Amino acid sequence: MEPVILSCAELSTREINAALAALPDGASARVLEPRGRHNLAVGLSNRVRIDIEGNAGYFIGGLGDGPDVVVHGFTGWSVGENLQAGSVRVEGNASECAGASSRGGTIVIEGDASSRTGISLKGGTILVGGNVGHMSGFMAQAGVMLIGGDAGDALGDSLYEAVIYVAGTIASLGSDARIEELTESDVRAVKALAELGGASFGHVQPENVTRVASARGLYNFDALKDQKY
Amino acid sequence: MCGIVGLHLKNPDLQPRLGELLTQMLEAMTTRGPDSAGIAVYADRDPAPAGHEADPGPDQPGPPGQELRYSLRSDETIDWDLLAKRIAAETGRDLRVEPLGSDSAVFVSSAAETSFLAAVRRAAPQVTVPGFGRSMVVVKDVGAPAAICARYGIPGWGGYQGIGHTRMATESAVTTAHSHPFAPAADLALVHNGSFSNYATVRGRLARQGIRCDTDNDSEVAARLVAARMAEGADLADGLRTVLKEMDGFFTLLVTTRTQFAVIRDSFACKPAVIAETPDYVAMASEYHALAGLPGITGARVFEPMPEEIHVWSR
């Protein structure tokens, strides 16, 4: 089936999202001339493939529950925010808060992601081929992140049960985040994640990544004890 | 919210299009704050004669060719030519009037800056001076960017650099005087996305040094602080470092002087900023879609400045 063509030069964001939501499972669409448009392919629950042909704005593919969205360019803040299922792939760089609060599905950033990547992650998978900025993984509760490059300051601050793998260097760990020994199951998991990520993760050596997880010192609030919030 | 944009041209061929490009960028940011807007545009004027290139300083009259251009604004009906005559008489210097819509005018005078500003205050206390300088003209108003830019004919303006702001007020009232840019010293203009929290403290500190703010706006304090440091001899980057050190809050600042164009973000990079650079220009905006219509944008190097990094371009 030929993909449906939708152009941002002619249609409003609502018209585009309504047209995408109306697609039957298995269909595909191309969104042309996004020119930094926000909120494209948001809130879709059908199993469709959407190609955004250029640089896009904020919240691309957010709240998705099934579609596979590919951005052939870079994105602004909060790409794949609150993703439930399906995938969002960005071929360029992503700005802040990539994959914020995502509960399921996979977000792949082939280039760099900015600060607060995976903030409050709730079960989704985030793969970044390049670097991530400061405070990535902040308060991440569940899910996994693989960072192919370097991580900025305060990585994994106040982590809960999410796990972060970093192939490059870590500028600094946040409060209550710690480096843990890499197990065989970690290596297997990283290998699978790098394969899922594709060619921009070819440099990742699964046995040489750093595993960051919670030290669990901040799980229970105790006002009387010396805390490090 | 609030949206900020700026364009610093390297290729002189683009100069006739500065106003058009800046207007289009600012209009794209309207959704980030539609309550008021303003711009500062820098254009090359008559060059100073040889031996007179140096800035004469605020208390000295300028030589011919080094006049300052004062952007004036009045919400009450005013006879600009009559005001010009009074100021010319008071300062003892000839004055040229360039009309700018019904509520604004640019006065061009070689009088010393301090004596000109004092003369305006005495002759017409209802007139405000949104900005002044050898190269810079500032207009600002309440309303949406499209209407304001159309009213002053901004798309037709040429120049080598410009910045713009569209505001969603959080810290102070929605009036023309509270709108950005803030331009408290010759050829210095600042636009701000964010909010400062300790601005009353810093404003008090400046007041004890004899520096007064015109409004109770938080961003004006940052502009006055940068101007104060630069008056003491700091360069623009040092002035911005002072903001980082002394002011607490969220900010992406875009600040320009006659020769420089600078961007800084707070320590957490709480407010957005995208920069695009090509051999022809440096462009900055709160969001990429303000840059998407610029010529050659597909080949530009597009990046986000990191927290506390100061990016400066000079001509």
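Notes on the structure in this doc start here.

About the cut-offs
Within any chain, residue numbers begin from 1 and follow the written order of that chain's sequence. As a convention, the first chain written is A and the first ligand written is 1, with the rest following in written order. Two thresholds apply to this predicted model, a pLDDT of at least 70 for residue-level local features and 80 or more for giving and counting side-chain atom pairs, whereas whole-chain, interface and lining totals are computed over all residues. Working from all heavy atoms in the structure, the side-chain values ignore hydrogens and water. Cavities and pockets were defined on a 1 Å grid built over protein atoms only: a cavity is a set of grid points that admits a 1.4 Å probe from which the probe cannot escape, a pocket is an open set flanked by protein on both sides within 12 Å along at least five of seven lines, and lining residues are those with an atom within 4 Å of any such point. Grid points are joined across faces, edges and corners, and a volume is the space filled by probe spheres set on the points. A run of H or I in DSSP becomes a helix once it reaches four residues, and a run of E becomes a strand once it reaches two; helices and strands are each numbered from the N terminus. Three classes are used, and their members are as follows: Ala, Val, Leu, Ile, Met, Phe, Trp, Tyr, Cys and Pro are nonpolar, Asp, Glu, Lys and Arg are charged, and the others, Gly among them, are polar. Patch criteria: residues need more than 30% relative accessible area and no salt bridge. Like-charged residues are merged within 9 Å; nonpolar side chains of Val, Leu, Ile, Met, Phe, Trp and Tyr are merged within 5 Å. Areas reported as accessible are Shrake-Rupley estimates using a 1.4 Å probe. Residue values count occlusion only from the protein chains shown. Any Lys or Arg side-chain nitrogen located within 4 Å of an Asp or Glu carboxyl oxygen qualifies as a salt bridge. Partly exposed residues are those whose accessible area sits between 20% and 50% of the maximum for their type, while under 20% is buried and over 50% is exposed, using a 1.4 Å probe and protein chains only. Pairs of strands are assigned from DSSP output, requiring at least two bridges between the strands. A fitted line through C-alpha atoms represents every axis, and for helices the fit uses only the stretch in contact; the resulting angles, taken between N-to-C directions, go from 0 to 180 degrees. Contacts are assigned to residue pairs that have any heavy atoms within 4.5 Å of one another. Convention used here: angles under 35 degrees read as roughly parallel, angles over 145 as roughly antiparallel, angles from 65 to 115 as roughly perpendicular, and any remaining angle as oblique. Here a crossing is called left-handed whenever its near helix is offset anticlockwise from the far helix by less than a right angle, and right-handed whenever the offset is clockwise. Stacked, edge-to-face and tilted are the three classes for Phe, Tyr and Trp ring pairs, Trp counted by its six-membered ring, which pair at centre distances within 6.5 Å; planes under 30 degrees apart are stacked, over 60 edge-to-face, the rest tilted. Sitting over a ring, as applied to charges here, requires NZ of Lys or CZ of Arg to be within 6 Å of the ring centre and within 35 degrees of the ring normal.

1. Thoughts on empty space enclosed by the protein
Residue and element names in this part refer to chain B.
1) Next: One pass over the full model with this rule turns up 3 cavities of 30 Å³ or more.
2) Next: Here the largest cavity is characterised by a volume of approximately 70 Å³.
3) Next: What lines the largest cavity is Cys-2, Arg-167, Met-168, Ala-169, Thr-170, Glu-171, His-180, His-192, Gly-194, Asn-217, Asp-218 and Ser-219.
4) Next: Sorting the residues of the lining of the largest cavity by element identifies strand 10 (188–196) and helix 6 (218–231) as the ones contributing at least two each.
5) Next: Within the lining of the largest cavity, the residues separate by chemical class into 3 nonpolar, 6 polar and 3 charged.
6) Next: One number sums up the size of the second largest cavity: a volume of about 40 Å³.
7) Next: Contributing to the lining of the second largest cavity are Ser-71, Leu-72, Arg-73, Leu-100, Ser-104, Pro-130, Val-138, Val-139, Lys-140 and Tyr-152.
8) Next: Among the secondary structure elements, those contributing two or more residues to the lining of the second largest cavity are strand 3 (68–73) and strand 7 (136–142).

2. Focus: a nonpolar patch on the surface
Residues and elements named next belong to chain A.
1) Next: A grouping of Met-139, Tyr-160 and Tyr-219 is seen on the molecular surface, where their side chains present a nonpolar patch of about 240 Å² in accessible area.
2) Next: Position of Tyr-160 relative to the elements: it lies in the loop between strand 8 (142–147) and strand 9 (163–166).
3) Next: With a relative accessible area of 32%, Tyr-160 lands in the partly exposed category.

3. Brief notes about the sheet that holds strand 7 of chain B
All names here are of chain B.
1) Next: The strand order across the open sheet formed by 7 strands is 7-2-8-1-14-13-15, and the pairing between neighbours is antiparallel. Of all the strands in the sheet, the pair left with one neighbour each is strand 7 and strand 15 (301–303). Strand-to-strand twist of the sheet, defined as the mean angle between neighbouring strand axes without regard to direction, takes the value 10°.
2) Next: Against the sheet, helix 1 (residues 18–28) makes contact with strand 1 (3–9), strand 2 (36–42), strand 8 (161–167) and strand 14 (281–285), and its axis sits at roughly 155° relative to strand 1, the strand it touches most.
3) Next: Sheet strands in contact with helix 4 (residues 145–152) are strand 2, strand 7 and strand 8, and its direction is about 130° off that of strand 7.

4. What to know about the packing of helix 6 of chain B against helix 7 (residues 236–246) of chain B
All names here are of chain B.
1) Next: Where helix 6 meets helix 7, the closest approach of the two axes is 8 Å, and the angle between their N-to-C directions is 130°. Here helix 6 lies oblique to helix 7, going by the angle between them. Considering only the axes of helix 6 and helix 7, their crossing is right-handed. Residues Ala-222, Leu-225, Val-226, Arg-229 and Met-230 of helix 6 touch helix 7, and the partners they reach there are Leu-236, Gly-239, Leu-240, Thr-242, Val-243 and Glu-246.

5. Some thoughts on the packing of aromatic side chains
1) Next: Tallied over the full model, the rule gives 10 aromatic pairs over all chains.
2) Next: Both rings, one in Tyr58(A) and one in Trp77(A), keep their centres 5.9 Å apart while their planes meet at 15°; by these two values the pair is stacked. Separated by 19 residues along the polypeptide, Tyr58(A) in the loop between strand 3 (49–53) and strand 4 (65–71) and Trp77(A) in the loop between strand 4 and strand 5 (85–90) bring together distant segments of the chain.
3) Next: Judged by relative accessible area, Tyr58(A) falls into the buried class, the value being 12%.
4) Next: Considering the side-chain rings of Phe74(A) and Tyr288(B), the 4.8 Å spacing of their centres and the 85° angle between planes classify their relative orientation as edge-to-face. Residue Phe74(A) is found in the loop between strand 4 and strand 5, and its partner Tyr288(B) is found in the loop between strand 14 and strand 15; the two belong to separate chains. Assigned by exposure class, Phe74(A) and Tyr288(B) land together as buried.
5) Next: A connected cluster of aromatic rings, assembled from ring pairs, spans Tyr58(A), Phe59(A) and Trp77(A).
6) Next: For the cation-ring pair, Lys140(B) lies above Phe182(B), with the distance from its terminal atom to the ring centre recorded as 4.4 Å.
7) Next: When the ring centre of Tyr160(B) is taken as origin, the NZ or CZ atom of Arg315(B), which lies over that ring, is 3.5 Å away.

6. Structural notes on unusual backbone geometry
1) Next: A cis amide bond, omega -5°, links His180(B) with the succeeding residue Pro181(B).
2) Next: Within the fold, Pro181(B) resides in the loop between strand 8 and strand 9 (182–185).
3) Next: Look at Leu63(A): it is not a glycine, yet its phi comes out positive at around 65°.
4) Next: Structurally, the position occupied by Leu63(A) is in the loop between strand 3 and strand 4.
5) Next: Phi angles above zero are rare outside glycine, and Asn82(A) is one such case at about 60°.
6) Next: Summarising the element assignment, Asn82(A) is placed in the loop between strand 4 and strand 5.
7) Next: Relative accessible area serves as the criterion here: at 22%, Asn82(A) is assigned to the partly exposed category.

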